[in-house]
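Structural overview
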Amino acid sequence: NNKKMEETHNNGDQNQVEAQTTFKILTHNLWGHYLTLKFSPSREHRIQEFIKNVARHNYDVILLQEIFVLNVFGVRVGQPLVNNLILELGNLGYVHYVDGEPPGYFGQNAGLMVFSKHFISRKEEKRWYRYDDPGTGKGFIHTIINIHGRDVNFYNLHLDAHHAFLRENQAKELAQMLPSKESNHIVAAGDYNVDTNDTAEYNNIVNILGLSDIQPNPGQAPTHHKGTIDHVMISPTLKLISQEVVKFVDAEGAPVSDHLGISA
């Protein structure tokens, strides 16, 4: 069974599952930054290899970070790559998608995309009120996706990479946007830039959001050289069946990103 998460309904004090809907997701940062000192190499090749890896799996929803488009005085660098990603994943059944808002006159957009095999009934993108990433409009994308007749709220996010106080502020921004966790199905996934081993900050972010991390234990397989900074957090209305850190590689064994993905 490829489905890794399920929706549960409790029947009063009996705490019994009345119905369930299972689905499988992937979150992955694909290292497509144009405005860093460490310029991301071989971008087109790595994205193509990522698509090949996805084809070997059966995800319902894919949440991507760092699929940036850079606007340089009217020239949208990276747009052909995004267009090809939409085409190729569409051929794999991910016909519903949300592309990030276009960047301003100069700079990058948020680099966030959502792909789904199921209908997306609502979509909105928000930029963080405060962030320290010049030229890049980081934030989150909120989608409501109808999976087998059940609405699930997905938040694809990218928190600040530099300052803990900014990540805290951004988590508070997101928390204010979340619907009731007791009556709605919520998945908040992406690059949090917070390692589970940074106990104080990590616990603070989790408490602010009021969600449960599917891999909360320090020492689990890191998703980046900085540690386990990518996370999938869920509301109590969802039950985790299984999860894994996934390493997608090309034919020579080279990774498709400087991050690993998380499947649940």
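Scoring rules and cut-offs
Residues numbered from 1 in each chain as written. Predicted model: local features only at pLDDT ≥ 70, side-chain atom pairs only at ≥ 80, totals over all residues. Heavy atoms only, no water. pLDDT = per-residue confidence, 0-100. Contact = heavy atoms within 4.5 Å. Core = buried A, V, L, I, M, F, W, Y, C linked by side-chain atoms within 4.5 Å. Buried < 20%, exposed > 50% of the residue type's maximum accessible area, 1.4 Å probe, protein only. Helix = DSSP H or I, 4+ residues; strand = E, 2+ residues; numbered from the N terminus. Polar contact = N/O pair within 3.5 Å; in protein donor to acceptor, adjacent residues only side chain to side chain. Pairing = 2+ DSSP bridges. Axes fitted to C-alpha atoms, helices over the stretch in contact; angles between N-to-C directions.

Moving on, we get to the confidence of the model for the chain. Detailed reading of the predicted coordinates is not advisable wherever pLDDT falls low. Of the residues in the chain, 91% have a pLDDT of 70 or more, and the chain-wide mean is 89. Contacts from residues 9-18, a stretch scored under 50 in pLDDT, to residues over four places away or in other chains number 11 contacts.

Here we come to the nonpolar core. The biggest cluster of nonpolar side chains holds 23 residues, and the ones touching the most others in it are Met-5, Phe-23, Ile-25, Val-61, Phe-154, Val-187 and Val-232. Looking at this core, the elements that each hand over two or more residues are β4 (61-65), β11 (139-147), β12 (150-158), β13 (186-191) and β15 (230-234). In terms of residue count, the dominant contributor to this core is β11 (three residues). Leaving out residues up to four positions away in the same chain, Val-187 has contacts with Met-5, Ile-25, Val-152, Asn-153, Phe-154, Tyr-155, Val-232, Met-233, Ile-234 and Leu-238.

For the rest of this paragraph, the subject is the side chain of His-33. Here His-33 shows up in the loop between β3 (25-29) and α1 (43-54). With a relative accessible area of 5%, His-33 lands in the buried category. Only 3.4 Å separates the side chain of His-33 from the side chain of Gln-108, close enough to count as a polar contact.

Read from one edge to the other, the open sheet built from six strands follows the order β7-β9-β4-β3-β18-β17, with strand pairing classed as mixed. Looking at strand neighbours, the two that pair on one side only are β7 (96-98) and β17 (244-246), the edges of this open sheet. With direction set aside, neighbouring strand axes in the sheet form an average angle of 15°. Summarising the sheet, β3 and strand β18 (residues 261-263) pair through two bridges and their orientation is antiparallel. Across the sheet, residue Thr-27 finds its bridge partner in β18, namely Ile-262. Relative to strand β9 (residues 113-116), helix α2 (residues 79-91) is tilted by about 15°, and along the sheet it contacts β4, β7 and β9.

Moving on: the sheet that holds strand β14 (residues 212-213). Across the sheet, which stays open at both edges, the six strands sit in the order β10-β11-β12-β13-β15-β14 with mixed pairing between neighbours. The open sheet has two edge strands, β10 (120-127) and β14, and neither has a second partner. Sheet topology note: the β14/β15 ladder contains two bridges and is antiparallel. Considered in β15, the bridge of Ser-212 is made with Ile-234.

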